[in-house]
Amino acid sequence: VTGLCPLAGPSPTSSIHVYTPREVYGTVGSRVTLSCSFWSSEWISEDISITWHFQAEGSRDSISIFHYAKGQPYIDDVGTFKERMEWVGNPHRKDGSIVIHNLDYTDNGTFTCDVKNPP
């Protein structure tokens, strides 16, 4: 699991710090929580967005698997995660975590949590 630290504005004091565990392990058939917490020097905007991406092990391509925007979670209708993902985060508590159920060998890879807090 990797975290991105995008800037929310031109000033370095407006950055968002995103925290994720470096590695997460799970057994086939079980569930795993992909934790994503963040800290912002600014108030949490109603326009906050959280996006999770997945890059399969050995692949060069990354796909979007989850979005939180305009106060609603959206599970992307692509890939093998759409029936197995659960939103457990709460942006007001600075939490963008998701759960993946019924783990499979094909879930091996890099998950990236991207948080934006405009403006």
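Residues numbered from 1 in each chain as written. Predicted model: local features only at pLDDT ≥ 70, side-chain atom pairs only at ≥ 80, totals over all residues. Heavy atoms only, no water.

1. Things to note about the overall build of the protein
Part 1 of the argument: Helices and strands together make up the secondary structure of the protein, namely zero helices and ten strands.
Part 2 of the argument: Helices and strands in the protein line up, N terminus first, as β-β-β-β-β-β-β-β-β-β.
Part 3 of the argument: Counting the 119 residues in the protein, one finds 38% classified as buried.
Part 4 of the argument: Residue pairs in contact within the protein that sit at least 24 positions apart in sequence constitute 53% of those at least 6 positions apart.
Part 5 of the argument: In the form shown here, the protein has an accessible surface area of approximately 7200 Å², with 51% of it arising from carbon and sulfur atoms. (Helix = DSSP H or I, 4+ residues; strand = E, 2+ residues; numbered from the N terminus. Buried < 20%, exposed > 50% of the residue type's maximum accessible area, 1.4 Å probe, protein only. Contact = heavy atoms within 4.5 Å. Areas by Shrake-Rupley, 256 points an atom, 1.4 Å probe, with all protein chains shown as cover.)

2. A closer look at the side chain of S64
Part 1 of the argument: One can find S64 in strand 6 (residues 63–69).
Part 2 of the argument: Within the structure, the side chain of S64 is placed 3.0 Å from the side chain of H67, a separation counted as a polar contact.
Part 3 of the argument: Within polar-contact distance, the side chain of S64 engages the side chain of D76 at 2.8 Å.
Part 4 of the argument: Setting aside chain neighbours within four positions, we find S64 in contact with T51, W52, H53, D76 and V78. (Polar contact = N/O pair within 3.5 Å; in protein donor to acceptor, adjacent residues only side chain to side chain.)

3. Some points on the sheet that holds strand 8 (residues 85–87)
Part 1 of the argument: Taken together, three strands build an open sheet; the order of strands is 3-9-8 and the sheet is antiparallel. Two strands close off the open sheet at either side, each with one partner strand: strand 3 (32–34) and strand 8. Recorded for the sheet is a direction-independent mean angle of 25 degrees between the axes of neighbouring strands.
Part 2 of the argument: As paired strands, strand 8 and strand 9 (residues 98–100) are joined by three bridges and run antiparallel to one another. From the neighbouring strand, M85 faces strand 9, where its bridge partner is I100. (Pairing = 2+ DSSP bridges. Axes fitted to C-alpha atoms, helices over the stretch in contact; angles between N-to-C directions.)

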